[in-house]
Amino acid sequence: MNSNNLKISTRLWLSFGLTMVIMAAIVVTAVMQMRVMSSATANVDRASENIESGLRIMDGINSMRRFQLAALVNEGADRMKELERVAANGKAIAKWAEDLDKLQRNADTKKLTADLQTLVQRYARGNDEVIKLAQANNAEGMVKLIQGEERRIQRQVIDVVEQFLKIQEDRKAGRLKEAQAAESFAAWVMYCLMAGALLIAVAMAYLITRSIGRSLAYAKNAVEQVAKGDLTATIE
């Protein structure tokens, strides 16, 4: 269909319709990419929360270890005070590990947090045995347990936490890339669509202006012919 044969009103409506289609495409693209970015941001926040919890548990376990070592160099009431601090920390860490486990949605991290809870409980039970040895003034037994089994469990806890943190760091980095990619893609699509809308507007303006100019020129020519006495001239 030749655009020159279209009425001006038809061209205006066609231009308006194309512009509306492009605007709708911009809105749809923006909404879709906003959903992608929102999902990625939520995952980043979740990973950050997991990392924070993991670091808190690691710091708590290290604190338990320091208190146990402090108990070895102290005696009497001071020794019991240090071991009571270990027990209190153990209860808090067990609660943190339980809360962390509830937040997991993937099988790999779920397994790690389950292992973490088991190890924390074993560490706390070991400290209960240390307390009994302290009450019996069995310093040699305390050293053997703290530097042996308790130390081994503490290292296992650290290993599990480090594995958990690595997974979370990798996922956080991946989700950040997803969010950045979605943002870049949305911007690229919207810029392209806006450029397309501008080109359509310029093209339609040119066609309409040319059409009006031709119509005026035709009308002027017809008027001049009538003025010269040619009554056969017509103006459409």
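This text gives an overview of the structure that appears in the document. From a predicted model like this one, the values you see are computed outputs, not experimental measurements.

**Some points on the overall build of the chain**
1) Next: Scanning the chain for helices and strands turns up 4 helices and 0 strands.
2) Next: The proportion of buried residues among the 236 residues of the chain is 32%.
3) Next: Sequence-distant contacts in the chain: of pairs separated by 6 or more residues, those separated by 24 or more amount to 76%.
4) Next: When the accessible surface of the chain is totalled, it reaches about 14700 Å², and 60% of it is carbon and sulfur.

**Some details on the nonpolar core**
1) Next: The biggest cluster of nonpolar side chains holds 22 residues, and the ones touching the most others in it are Ile 57, Ile 61, Met 64, Ile 93, Leu 116, Val 157 and Val 161.
2) Next: Only helix H1 (8–73), helix H2 (76–103), helix H3 (107–135) and helix H4 (139–227) provide two or more residues apiece to this core.
3) Next: Of the residues forming this core, the biggest block, 7 residues, is contributed by H4.
4) Next: The contact partners of Val 161, leaving out residues within four places of it in the chain, are Gly 54, Ile 57, Met 58 and Leu 116.
5) Next: Membership of the second largest hydrophobic core comes to 9 residues, among which are Val 130, Ile 131, Leu 145 and Ile 146.

**With respect to a nonpolar patch on the surface**
1) Next: Taken together, the side chains of Trp 13, Phe 16, Met 20 and Met 23 define a hydrophobic patch exposed on the protein surface, amounting to about 470 Å² of accessible area.
2) Next: Met 20 sits in the partly exposed class, given a relative accessible area of 40%.

**Considering the packing of aromatic side chains**
1) Next: Here the structure, examined in full by the defined rule, presents 0 aromatic pairs.
2) Next: Arg 56 extends its terminal NZ or CZ atom over the ring of Trp 96, reaching a point 5.1 Å from the ring centre.

**A closer look at the side chain of Asn 50**
1) Next: With respect to the helices and strands, Asn 50 occurs in helix H1.
2) Next: A polar atom in the side chain of Asn 50 sits 3.2 Å from the side chain of Gln 168.

**Description of the pattern of salt bridges**
1) Next: Scanning all chains against the criterion turns up 10 salt bridges.
2) Next: Among the ionic pairs, Arg 171 bridges to Asp 108, the shortest N-O distance being 2.7 Å. Here Arg 171, found in helix H4, pairs with Asp 108, found in helix H3; they are 63 residues apart in sequence, far enough to count as distant.
3) Next: Residue Asp 108 is classed as partly exposed on the basis of its relative accessible area of 35%.
4) Next: In this structure, the salt-bridge partner of Glu 149 is Arg 122, at a minimum N-O distance of 3.1 Å. You can see Glu 149 sitting in helix H4 and its partner Arg 122 sitting in helix H3, a full 27 residues away along the chain.
5) Next: The partly exposed category is assigned to Glu 149, whose relative accessible area is 31%.
6) Next: What makes Arg 122 partly exposed here is its relative accessible area of 28%.

**Notes on H3**
1) Next: With 29 residues, H3 extends 42 Å from end C-alpha to end C-alpha; this agrees with the ideal 42 Å at 1.5 Å per step.
2) Next: One or two residues past the end of H3 sits Asn 137, with phi positive at roughly 55 degrees.

Conventions used here
- Residues numbered from 1 in each chain as written.
- Predicted model: local features only at pLDDT ≥ 70, side-chain atom pairs only at ≥ 80, totals over all residues.
- Heavy atoms only, no water.
- Helix = DSSP H or I, 4+ residues; strand = E, 2+ residues; numbered from the N terminus.
- Buried < 20%, exposed > 50% of the residue type's maximum accessible area, 1.4 Å probe, protein only.
- Contact = heavy atoms within 4.5 Å.
- Areas by Shrake-Rupley, 256 points an atom, 1.4 Å probe, with all protein chains shown as cover.
- Core = buried A, V, L, I, M, F, W, Y, C linked by side-chain atoms within 4.5 Å.
- Patch = residues over 30% accessible without salt bridge, like charges linked within 9 Å, V, L, I, M, F, W, Y side chains within 5 Å.
- Salt bridge = Lys/Arg side-chain N within 4 Å of Asp/Glu carboxyl O.
- Phe/Tyr/Trp six-rings, centres within 6.5 Å; stacked < 30°, edge-to-face > 60°.
- Lys NZ or Arg CZ within 6 Å of the ring centre and 35° of its normal.
- Polar contact = N/O pair within 3.5 Å; in protein donor to acceptor, adjacent residues only side chain to side chain.
- Expected span 1.5 Å × (residues − 1).

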